[in-house]
Amino acid sequence: MTKPIKITFSQEQVPKIVEERIIPLLGNVSIVTLSGGLGAGKTTMVKEILKQMGVLAVVTSPTFSYVNSYTAKNG
C-alpha cells in the first residue's frame, strides 16, 4: 500500500497543484480515494482534477457517495 501524500495549499492554488503535483501522480490509475472532513476541499479538488483530465460531466460531491465514476475524453 502506498503511503498517503499530504499537500497543504489555498483554494487559489488548486489549479496549479492539480496540474503540477496531482495529475503526474495519477498515470494509469483508475481508482482514487479521498478522505477528509466536511469542507476540506474534496469536491473542489475533484472538480479541478476532472476538468484538467477533460471530463465534461457535472461533478458531484464525493462525500456522500461510495463511488462516483467519470469518463475523460481519452476514455
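In case you missed it, the structure is sitting above this.
What counts, and at which threshold
- Residues numbered from 1 in each chain as written.
- Predicted model: local features only at pLDDT ≥ 70, side-chain atom pairs only at ≥ 80, totals over all residues.
- Heavy atoms only, no water.
- Helix = DSSP H or I, 4+ residues; strand = E, 2+ residues; numbered from the N terminus.
- Contact = heavy atoms within 4.5 Å.
- Buried < 20%, exposed > 50% of the residue type's maximum accessible area, 1.4 Å probe, protein only.
- Lys, Arg positive; Asp, Glu negative; His and termini not counted.
- Salt bridge = Lys/Arg side-chain N within 4 Å of Asp/Glu carboxyl O.
- Polar contact = N/O pair within 3.5 Å; in protein donor to acceptor, adjacent residues only side chain to side chain.
- Patch = residues over 30% accessible without salt bridge, like charges linked within 9 Å, V, L, I, M, F, W, Y side chains within 5 Å.
- Areas by Shrake-Rupley, 256 points an atom, 1.4 Å probe, with all protein chains shown as cover.
- Core = buried A, V, L, I, M, F, W, Y, C linked by side-chain atoms within 4.5 Å.
- Axes fitted to C-alpha atoms, helices over the stretch in contact; angles between N-to-C directions.
- Parallel < 35°, antiparallel > 145°, perpendicular 65-115°, else oblique.
- Left-handed = near helix turned anticlockwise from the far one by under 90°.
- Nonpolar A, V, L, I, M, F, W, Y, C, P; charged D, E, K, R; others polar.

Engineer: Just to check I follow, could you spell out the environment of valine 18 for this structure?
Structural biologist: Structurally, the position occupied by valine 18 is in helix H1 (residues 14-26). The spacing of valine 18 and methionine 45 is 27 residues in sequence and 7.6 Å in space, taken between C-alpha atoms. What valine 18 contacts, discounting residues up to four positions off in sequence, is Ile23, Pro24, Met45, Glu48, Ile49 and Gln52.

Engineer: Could you clarify how one ought to interpret the side chain of glutamate 48 in this entry?
Structural biologist: Among the secondary structure elements, glutamate 48 is positioned in helix H2 (residues 42-52). Lysine 51 provides the closest opposite charge to the buried, unpaired glutamate 48, separated from it by 4.2 Å. At 2.7 Å, the side chain of glutamate 48 and the side chain of glutamine 52 are in polar contact. Those residues in contact with glutamate 48 that lie beyond four places of it in its chain are Val14, Pro15 and Val18.

Engineer: How should I be thinking about a nonpolar patch on the surface in this particular structure?
Structural biologist: On the surface, Val29, Val32 and Leu34 cluster together into a nonpolar patch covering about 260 Å² of accessible area. Here valine 29 is to be found in the loop between H1 and H2. Relative accessible area serves as the criterion here: at 46%, valine 29 is assigned to the partly exposed category.

Engineer: What exactly am I supposed to notice about the nonpolar core here?
Structural biologist: Proteins that are soluble and globular tend to have nonpolar side chains buried together. Counting residues in hydrophobic clusters, the biggest one holds 7 residues: Val14, Ile17, Val18, Ile22, Leu26, Met45 and Ile49. If you tally residues by element for this core, the top one is H1, at 5 residues. If you look at the next biggest cluster of nonpolar residues, it comprises 5 residues, including Leu50, Val55, Val59 and Ala72.

Engineer: Would you take a moment to explain the environment of glutamate 48 for this structure?
Structural biologist: A relative accessible area of 12% means that glutamate 48 is categorised as buried. Separated by 11 residues in the primary sequence, glutamate 48 and valine 59 have C-alpha atoms spaced 9.6 Å apart.

Engineer: Honestly, H2 in this entry has me stumped. Any pointers?
Structural biologist: Residue pairs three or four apart in sequence face the same way in an α-helix, which turns once every 3.6 residues. Where H2 is concerned, the buried positions are Lys42, Met45, Val46, Glu48, Ile49 and Leu50. Taken together, the buried residues of H2 touch H1.

Engineer: Where do I start with the side chain of lysine 42 in this structure?
Structural biologist: Mapped onto the fold, lysine 42 is located in helix H2. Glutamate 48 is the oppositely charged side chain nearest to the buried, salt-bridge-free lysine 42, at an N-O distance of 17 Å. A distance of 3.0 Å separates the side chain of lysine 42 from the backbone oxygen of glycine 36, its partner in a polar contact.

Engineer: Can you help me understand the packing of H1 against H2 in this one?
Structural biologist: Packed helices, taken two at a time, are described by the angle their axes make and the gap between the axes. In the contact formed by H1 and H2, the axes pass within 10 Å of each other and the chain directions differ by 70 degrees. When the axis of H1 is compared with that of H2, the two are roughly perpendicular. Of the two possible hands of crossing, H1 and H2 adopt the one that is right-handed. Each of Val14, Pro15, Val18, Glu19, Ile22, Ile23 and Leu26 in H1 lies in contact with H2, whose residues at this interface are Thr44, Met45, Glu48, Ile49 and Gln52. For the contact of H1 with H2, the residue count by class is 8 nonpolar, 2 polar and 2 charged.

Geometric values such as these leave the question of function open.
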